[in-house]
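Architecture at a glance
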Amino acid sequence: MTRVRVTAPQSGARPVLESREAAEESDVGQVFVRSLIRTQLRLAVVVAGGFLLILLAFPLMLGLVPGLAESKIAGIPFGWLLLGAGIYPVIGLSAWLYIRTATRNEARYRDLAEDR
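These notes cover the structure that comes with them. Just so it is clear, the model here is predicted, and its values are computed rather than measured.

1. What about the side chain of Asn105?
With respect to the helices, strands and loops of the structure, Asn105 is situated in helix α4 (residues 87-115). Apart from the residues lying within four places of it in its own chain, the contact partners of Asn105 are Leu36, Thr39, Gln40 and Leu43.

2. Focus: the side chain of Gln40
Along the polypeptide, Gln40 turns up in helix α2 (residues 27-64). Every residue in contact with Gln40, bar those within four places of it in the chain, is listed here: Ala102, Asn105 and Glu106.

3. Re the packing of α2 against α4
Taken N-terminus to C-terminus, the directions of α2 and α4 make an angle of 170 degrees; their axes are 10 Å apart at the nearest point. As far as their axial angle goes, α4 and α2 are roughly antiparallel. Note on element contacts: α4 touches α2 through Ile87, Val90, Ile91, Ser94, Leu97, Tyr98, Thr101, Ala102, Asn105, Glu106, Tyr109 and Leu112, opposite Phe32, Val33, Leu36, Thr39, Gln40, Leu43, Ala44, Val47, Phe51, Ile54, Leu55 and Phe58. Residue classes in the contact of α2 with α4 are distributed as 18 nonpolar, five polar and one charged.

4. Some thoughts on unusual backbone geometry
Residue Ala74 is not a glycine yet carries a positive backbone phi of 55 degrees. Counting through the fold element by element, Ala74 comes out in the loop between β1 (72-73) and β2 (76-77).

5. Concerning the nonpolar core
Counting residues in hydrophobic clusters, the biggest one holds six residues: Phe58, Leu62, Leu68, Leu82, Ile87 and Val90. If you list the elements that add at least two residues to this core, you get α2 and α4. The residues touching Leu82, leaving out its near neighbours within four places in the chain, are Phe58, Met61, Leu62 and Ile87.

Scoring rules and cut-offs
- Residues numbered from 1 in each chain as written.
- Predicted model: local features only at pLDDT ≥ 70, side-chain atom pairs only at ≥ 80, totals over all residues.
- Heavy atoms only, no water.
- Helix = DSSP H or I, 4+ residues; strand = E, 2+ residues; numbered from the N terminus.
- Contact = heavy atoms within 4.5 Å.
- Axes fitted to C-alpha atoms, helices over the stretch in contact; angles between N-to-C directions.
- Parallel < 35°, antiparallel > 145°, perpendicular 65-115°, else oblique.
- Nonpolar A, V, L, I, M, F, W, Y, C, P; charged D, E, K, R; others polar.
- Core = buried A, V, L, I, M, F, W, Y, C linked by side-chain atoms within 4.5 Å.
- Buried < 20%, exposed > 50% of the residue type's maximum accessible area, 1.4 Å probe, protein only.

Here it is as structure tokens:
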């Protein structure tokens, strides 16, 4: 049996990395990187905080709406359904929002780094 090595051709990817590395080494590039890190951290805190607020609102809703905690759907208490299955759309929405916004932040950084 012979081994075959599959590699991609060395194309224009390298100069982009070199220009990005050069941008990170300059004073202005370091400011851009710190700004990106701050923005990504702020985004993570906001999304996590929003998720936790919604997560804490589920049990509060069960306590504030009379009769909701005692109601059953298909023999399963509504509180269990809400906390067991209702949280997954919230998780998915939080993840989608985070990824979309983080990608946009990184694209803005790349545009700034390449414009330099």
